[in-house]
Amino acid sequence: MAYQHQWHDGSPTDWPPGKVVCVGRNYAAHAAELNNPVPEQPLLFMKPATALVPLTDPVRLPVGRSDVHYETELAILVGCPLTRAGQQQARAAIAGIGLALDLTLRDLQSELKARGHPWERAKAFDGACPLSRFVPLGSDDDLENLQFSLTIDSEQRQRGHTGDMITPILPLLAHISETFTLQPGDVVLTGTPAGVGTLHSGQHLTMELDGRLQVQTSVE
Ligand code: ZN
């Protein structure tokens with residue numbers, strides 16, 4: 001079945017899946033672990049809607065690739081159009097939050113980066129964006145105080161706190177909307193904390209979002 005955005009109770013959202021706008025190196029410790037400098041302004045890239053798959057489906061490693069990295073990220077579901085938006089407008093446009101894996105063919109990405117080529121083949125392939133269901137955001141929720149984690153086979157590998165983001169969520173949405181109009185059904189991935197690594201067949205993944213959402217999946 002084609003991917004569809006869902007609320008945490010399993011009901012579909014009103015919006016068709018759109019593009020996914022991602023930010024690279026939004027956590028200093030992750031930039032450092034890959035020996036990347038922290039960019040002066042957010043480093044943006046996109047995945048198409050065809051990259052989306054439900055996070056609960058077993059992760060399929062692309063055939064013939066040996067170095068598929070997981071990156072656990074907080075995902076924002078956009079519910080209203082945003083063009084050159086301010087932070088207040090951006091806050092009002094957030095329909096829900098969830099979790100995503102920004103799957104990355106790390107060896108291919110390094111090769112493309114070295115040649116000065118775009119990253120799409122390493123980041124935007126079919127299935128490159130497993131996405132959880134979404135929980136709505138309450139008006140009291142503090143976007144700079146959300147925690148999330150990834151545990152693989154009972155060992156915690158990644159732990160993120162939105163307070164550690166170099167560009168926090170609202171300035172990030174506002175910044176993205178300067179260049180790319182965000183439409184209802186679009187998703188923003190807000191960057192990965194340190195601890196990324198290679199996925200292996202048979203691994204069991206548990207991802208948690210601030211006591212609001214827990215998702216389990218496995219690697220096929
Ligand atoms: Zn990422």
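For the structure given in this document, a descriptive report is provided here. On a predicted model such as this, the values are computed, not experimentally measured, just so you know.

### Notes on the coordination of the zinc ion
Part 1 of the reasoning: Protein ligation of the zinc ion involves Glu71 (OE), Glu73 (OE) and Asp102 (OD), the donor distances falling in the range 2.0 Å.
Part 2 of the reasoning: Mapped onto the sequence, the residues coordinating the zinc ion show the spacing E-x1-E-x28-D. Within this pair, whereas Glu73 is found in strand β5 (residues 72-78), its partner Asp102 is found in the loop between β6 (94-101) and β7 (104-105), the two being separated by 29 residues in sequence.

### Some thoughts on the sheet that holds strand β15 (residues 213-218)
Part 1 of the reasoning: Reading across the sheet, the four strands line up as β11-β10-β14-β15 and stay open at both edges, with antiparallel pairing between neighbours. Lying at the two open borders of the sheet, with one neighbouring strand each, are β11 (155-161) and β15. Between one strand axis and the next, the sheet turns by 15° as a mean value, whatever way the strands run.
Part 2 of the reasoning: Inspection of the sheet shows strand β10 (residues 147-152) paired to β11 by six bridges, in the antiparallel sense. Note on β11: the bridge partner recorded for Phe148 is Gly160.

### Quick notes on the sheet that holds strand β13 (residues 197-198)
Part 1 of the reasoning: Taken together, three strands build an open sheet; the order of strands is β7-β4-β13 and the sheet is antiparallel. Edge positions in the sheet fall to β7 and β13, since each has one partner strand and no second.
Part 2 of the reasoning: Pairing geometry for strand β4 (residues 68-70) and β13, over two bridges, is antiparallel. Bridge pairing in β13 links Tyr70 to Gly197.

### Some details on the pairing of strand β14 (residues 204-209)
Part 1 of the reasoning: For β10 and β14, the ladder comprises five bridges, and the chain directions are antiparallel. In the sheet register, Leu150 faces β14, and the bridge partner there is Met207.
Part 2 of the reasoning: Linking two consecutive strands that pair antiparallel, namely β14 and β15, is a turn of three residues; a positive phi of about 50° is found at Asp210 within it.

### Overview of the pattern of salt bridges
Part 1 of the reasoning: Tallying each qualifying case throughout the model produces eleven salt bridges.
Part 2 of the reasoning: With a shortest N-O distance of 2.6 Å, Asp186 and Lys19 are connected by a salt bridge. Separated by 167 residues along the polypeptide, Asp186 in the loop between α5 (169-179) and β12 (187-189) and Lys19 in the segment before β1 (20-24) bring together distant segments of the chain. Both residues of the pair, Asp186 and Lys19, belong to the buried class.
Part 3 of the reasoning: Put simply, Lys47, Glu71, Asp102, Arg106 and Lys123 are held in one network by salt bridges that share partners.

### Some remarks on unusual backbone geometry
Part 1 of the reasoning: Positive phi, close to 55°, is recorded for Arg25, a residue that is not glycine.
Part 2 of the reasoning: Looking at the element boundaries, Arg25 is found in the loop between β1 and α1 (28-33).
Part 3 of the reasoning: We classify Arg25 as buried; its relative accessible area is 17%.
Part 4 of the reasoning: If you check the backbone angles, Asp153 has positive phi at about 45° while not being a glycine.
Part 5 of the reasoning: With a relative accessible area of 41%, Asp153 lands in the partly exposed category.

### With respect to helix α3 (residues 106-115)
Part 1 of the reasoning: Burial in α3 covers these residues: Arg106, Leu108, Gln109 and Leu112. In an axial view of α3, the angular spread of the buried residues amounts to 155°, which keeps them on one side of the axis. Residues of α3 that are exposed and point more than 90 degrees away from the buried face comprise Ala114 and Arg115.
Part 2 of the reasoning: The inward-facing, buried residues of α3 abut α1, β4, β7 and α4 (120-123).
Part 3 of the reasoning: One or two steps after α3, the chain reaches Gly116, where phi turns positive at roughly 75°.

### With respect to the packing of aromatic side chains
Part 1 of the reasoning: Scanning the entire structure with this criterion turns up two aromatic pairs.
Part 2 of the reasoning: Centre to centre, the rings of Trp7 and Trp15 are 6.3 Å apart; their planes meet at 75°, and the pair counts as edge-to-face.
Part 3 of the reasoning: Centre to centre, the rings of Phe45 and Trp119 are 5.2 Å apart; their planes meet at 70°, and the pair counts as edge-to-face. Here Phe45, found in strand β2 (residues 43-47), pairs with Trp119, found in the loop between α3 and α4; they are 74 residues apart in sequence, far enough to count as distant. There is no split in this pair, since Phe45 and Trp119 are both buried.

Reading the values: rules and limits
- Residues numbered from 1 in each chain as written.
- Predicted model: local features only at pLDDT ≥ 70, side-chain atom pairs only at ≥ 80, totals over all residues.
- Heavy atoms only, no water.
- Donors = N, O, S within 2.8 Å, 3.2 Å for Na, K, Ca; no water.
- Helix = DSSP H or I, 4+ residues; strand = E, 2+ residues; numbered from the N terminus.
- Pairing = 2+ DSSP bridges.
- Axes fitted to C-alpha atoms, helices over the stretch in contact; angles between N-to-C directions.
- Salt bridge = Lys/Arg side-chain N within 4 Å of Asp/Glu carboxyl O.
- Buried < 20%, exposed > 50% of the residue type's maximum accessible area, 1.4 Å probe, protein only.
- Arc of directions from axis to C-beta.
- Contact = heavy atoms within 4.5 Å.
- Phe/Tyr/Trp six-rings, centres within 6.5 Å; stacked < 30°, edge-to-face > 60°.

Note that every value here comes from positions in space, so none of it alone points to a role or purpose.
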